[in-house]
Amino acid sequence: MRELKIILGFIFIALIALLCLRFCKPSQEARTKDPIENATVDIETTDEACEEESLTTDEEGECTFTFRNPDKTLVKATASADEYESATVEDVELSYFEDDVLVIPLKPLGKANVKVVEKGTQQPIAGATVNVITKGGKTKKLTTNADGMCGFRCPKGATQIDSVLAIKNGYSGEYKVNVPVPTGFDPYLLIELEKAGTCDSGVDHNGKPGHTVQTFDMGITSDFSSYHFQFDWYTDSAPDHIVIYSGSYEEFQDGKAEKVFDNINDMATFSDTRKTWVDMKGQMLFIVVDNYNSPNSNSSTIWKYFVHCPVAK
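Within each chain, residues carry numbers counting from 1 in the order of the written sequence. Thresholds applied to this predicted model are a pLDDT of at least 70 for local features of residues and 80 or more for the giving and counting of side-chain atom pairs; totals over whole chains, interfaces and linings are not thresholded and use all residues. Hydrogens and waters are ignored; side-chain quantities use all the structure's heavy atoms.

Trainee: Please provide a residue-by-residue account of the overall build of the chain, values included.
Mentor: Scanning the chain for helices and strands turns up two helices and 25 strands. By the convention used here, residues are in contact when the closest approach between their heavy atoms is within 4.5 Å. Sequence separation of at least 24 residues holds for 64% of the intrachain contacts in the chain that already meet a minimum separation of 6. For helices the rule is a DSSP run of H or I covering at least 4 residues; for strands it is a run of E covering at least 2, with both sets numbered from the N terminus onward.

Trainee: Could you give an account of the pattern of salt bridges, with specific residues and numbers?
Mentor: Throughout this description, the term salt bridge denotes a Lys or Arg side-chain nitrogen within 4 Å of a carboxyl oxygen of Asp or Glu. Evaluated as defined, the whole model comprises four salt bridges. The partner of Glu-194 in a salt bridge is Lys-119, with the nearest N and O atoms 3.5 Å apart. Pair noted here: Glu-194 is in the loop between strand 15 (189-193) and strand 16 (197-198) and Lys-119 is in the loop between strand 9 (110-118) and strand 10 (129-134), with a separation of 75 residues, a long-range link. When a residue's accessible area, from a 1.4 Å probe over protein chains only, is under 20% of the maximum for its type it is buried; when over 50% it is exposed; and in between it is partly exposed. Residue Lys-119 is classed as partly exposed on the basis of its relative accessible area of 47%. With a closest N to O distance of 3.2 Å, Asp-279 and Lys-313 form a salt bridge. Highlighted residues: Asp-279 in strand 22 (residues 274-279) and Lys-313 in the segment after strand 25 (311-312), separated in sequence by 34 residues.

Trainee: Requested: an account of the sheet that holds strand 3 (residues 40-45), with residues and values cited.
Mentor: When DSSP locates at least two bridges between a pair of strands, those strands are taken to pair. The strand order across the open sheet formed by four strands is 4-3-6-7, and the pairing between neighbours is antiparallel. Two strands bound the open sheet, and with one partner strand each, they are strand 4 (53-56) and strand 7 (87-93). Sheet twist, expressed as the average angle between the axes of neighbouring strands with direction ignored, equals 20°. With four bridges joining them, strand 3 and strand 4 adopt antiparallel strand pairing. Note on strand 4: the bridge partner recorded for Val-41 is Leu-55. Helix axes are fitted only over the stretch in contact, all axes being lines through C-alpha atoms; the angle between N-to-C directions runs from 0 to 180 degrees.

Trainee: Describe the side chain of Thr-144, with residues and values.
Mentor: Among the structural elements, Thr-144 can be located in the loop between strand 11 (138-143) and strand 12 (149-154). Not counting the four nearest positions on each side in its chain, Thr-144 is found in contact with Val-116, Ile-125, Ala-126, Gly-127, Ala-128, Val-130, Met-149 and Cys-150.

Trainee: Go over unusual backbone geometry, please, and point to the residues and values.
Mentor: In this model, Asn-38 sits at a positive phi of 65°, which is unusual for a non-glycine residue. Looking at the secondary structure, you find Asn-38 in the loop between strand 2 (28-29) and strand 3. The exposure class assigned to Asn-38 is exposed, which follows from its relative accessible area of 54%. Backbone geometry places Asp-91, a non-glycine residue, at a positive phi of 55°. Since its relative accessible area comes to 59%, Asp-91 is described here as exposed.

Trainee: Provide a residue-level description of the sheet that holds strand 12, including the pertinent values.
Mentor: The strand order across the open sheet formed by three strands is 12-9-15, and the pairing between neighbours is mixed. One side of each edge strand has no neighbouring strand; the edge strands of this open sheet are strand 12 and strand 15. For this sheet, the mean angle separating the axes of adjacent strands, direction not counted, is 25°.

Trainee: Please give an account of a negative patch on the surface that cites residues and values.
Mentor: Two distance rules govern patches: like charges are joined within 9 Å, and nonpolar side chains (Val, Leu, Ile, Met, Phe, Trp, Tyr) within 5 Å, applied only to residues with over 30% relative accessible area and no salt bridge. In these tables, accessible area is a Shrake-Rupley quantity obtained with a 1.4 Å probe, and a residue counts as shielded only by the protein chains included in the view. As used throughout, the charge tally considers Lys and Arg to be positive and Asp and Glu to be negative, leaving His and the chain termini uncounted. Where a charge lies is defined by one atom per residue type, namely NZ (Lys), CZ (Arg), CG (Asp) and CD (Glu). Negative charge collects at one region of the surface, where Asp-71, Glu-90, Asp-91, Glu-93, Glu-98, Asp-99 and Asp-100 lie side by side. For Glu-98, the location among the structural elements is in the loop between strand 7 and strand 8 (105-106).

Trainee: I'd like to hear about the state of the cysteines, residue by residue, with values.
Mentor: The disulfide definition used here is simple: a pair of cysteine sulfur atoms within 2.5 Å. Summed over all chains, the structure comprises one disulfide. Paired through a disulfide, Cys-199 and Cys-309 show a sulfur-sulfur distance of 2.0 Å. Linking Cys-199 and Cys-309, the disulfide has an S-S dihedral of approximately 75° and is accordingly described as right-handed. Residue Cys-199 is found in the loop between strand 16 and strand 17 (201-204), and its partner Cys-309 is found in the loop between strand 24 (304-307) and strand 25; the two are separated by 110 residues along the sequence.

Trainee: So what about the pairing of strand 14 (residues 174-180)? Which residues, and what values?
Mentor: Here six bridges tie strand 13 (residues 160-167) to strand 14, and the two strands are oriented antiparallel to one another. Residue Val-164 lies in a different strand from strand 14, and its bridge partner there is Lys-176.

Trainee: Give a description of the pairing of strand 15 that names residues and reports values.
Mentor: Across the two faces of strand 15 the burial differs, with Leu-189, Ile-191 and Leu-193 buried and Leu-190 and Glu-192 not buried at all. Examined bridge by bridge, strand 9 and strand 15 share five bridges and lie parallel to one another. Bridge pairing in strand 15 places Val-116 opposite Ile-191.

So, in structure tokens, the structure goes:
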């Protein structure tokens, strides 16, 4: 009986020693003190009972993990969250958490603003989609408000944004690459959208960026499979890449518009205009051209194309 009591006593002491460490709002907004949900907290301790962990904060900005020996050390705790600078706390005795909590404030990244307007009238365009690709290939999908404005966070000290593409139903897209942001867009990056074109018209390239998205309303609203149209293109001395998607604006935005033309196998340089017939799959056409050198280049080449109106097959 005495031995059983001793064993039970050791078990009780071990359970008492298994303490719970709570990061109270470990990912806390540095200026507002508001909790940050879904932040990641990576921890490393010298307590053998506590392996390295990657935790996620709840709606209160809190997360927990267990440790056994309060004499050991929290070697490192790194908190990170989208649109915030990461922050690290090092060398904290685990005994600290017996009576206190650890707060890791995170500073928000710098704010960059974008304004989308109609070319010519300069009227703001609400509901435009703005896709931003920042350094490292991270994509942000934004929507403009009633003032044509939207904004995103960029890392402190960032000198440029890889690319910004804005597009809206009824308009062609506008693409900008290697956008300088030494201190953020001040007051904003202005993007002007042209209204969508119609059939029996085209584009004669003149200083456009390395990636363009032109929209054409073909005037056909139903029975698309019964129609096709002639497409003429000319790329002069450079093998520029031309792709045509057919469908609705929503389908194009969701990546579901059907590809109906791609000159990938016919990109050799020609001294004359090429012509082909293309099937209709929807009311709108979205013609994407990538300059031969790089879609992320501001260098221009000479190319042009013409979209004829659809006719019955």
